[in-house]
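A look at the structure
If you want the building blocks of each chain, they are given just below.
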Amino acid sequence: MSEGALLFSYGTLQLASVQMSQFGRLLEGGDDLLHGYRLVEITIRDPDVLEASGIAVHRALVPDEGAPPIPGKVFRLTAEELAAADTYESENYVRVAAPLASGTTAWVYVKA
């Protein structure tokens, strides 16, 4: 992966339908793990997010140092694509920088 922002996805941003609706392309990503968080479920009400994902209940992360690692994909996004991801994640999430098991630091969306 070359220039751009790294984003760790553990949920719907891995779906082809979401990638096409938000970025206009399918993303290529590598496997990685995130430590220090646990998964919870949240209900999505944003109609655009519901249309893109087709899922009303999404996964979200909350801090928990004792939780098992979260598997996901690391994608390289342009600045414009990262802004589109911010819009997609809307009021339900905030973007934070987090270290991954590989030693890479990537953006990740956690529960707002």
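Here's a quick rundown of the structure.

Cut-offs applied
- Residues numbered from 1 in each chain as written.
- Predicted model: local features only at pLDDT ≥ 70, side-chain atom pairs only at ≥ 80, totals over all residues.
- Heavy atoms only, no water.
- Helix = DSSP H or I, 4+ residues; strand = E, 2+ residues; numbered from the N terminus.
- Buried < 20%, exposed > 50% of the residue type's maximum accessible area, 1.4 Å probe, protein only.
- Contact = heavy atoms within 4.5 Å.
- Salt bridge = Lys/Arg side-chain N within 4 Å of Asp/Glu carboxyl O.
- Axes fitted to C-alpha atoms, helices over the stretch in contact; angles between N-to-C directions.
- Left-handed = near helix turned anticlockwise from the far one by under 90°.
- Nonpolar A, V, L, I, M, F, W, Y, C, P; charged D, E, K, R; others polar.

By secondary structure assignment, the location of F8 is in strand β1 (residues 5-9). Judged by relative accessible area, F8 falls into the buried class, the value being 1%. Each C-alpha atom, one on F8 and one on K73, is 5.6 Å from the other, the two residues being 65 residues apart in sequence. Setting aside anything within four residues of it in sequence, one finds F8 in contact with D32, L33, L34, I70, P71, G72, K73, V74, L100, A106, W107 and V108.

Between side chains of opposite charge, a pair can form as their charged atoms come close. Counted under the stated rule, the structure contains four salt bridges. Among the salt bridges present, the one from R38 reaches D64, with a minimum N-O distance of 3.3 Å. Linking R38 in strand β3 (residues 37-43) with D64 in the loop between β4 (57-63) and β5 (70-77), this pair joins segments that are 26 residues apart in sequence.

Turning to the environment of P63, a few remarks are in order. Here P63 lies in strand β4. Given a relative accessible area of 67%, P63 falls into the exposed group. Put simply, P63 and S53 are ten residues apart on the chain and 25 Å apart in space, counted from C-alpha to C-alpha. Ignoring sequence-local partners within four residues, the contact set of P63 consists of G36 and Y37.

The next point concerns the packing of helix α1 (residues 16-23) against helix α3 (residues 79-89). Remark: α1 packs on α3, axes separated minimally by 9 Å, with the N-to-C direction vectors making an angle of 115°. Where α1 crosses over α3, the two elements pack in a sense that is right-handed. For the pair α1 and α3, contact is made by V18, Q22 and F23 and by E81, A84, A85 and Y88, respectively. Residue composition of the contact of α1 with α3, grouped by class: five nonpolar, one polar and one charged.

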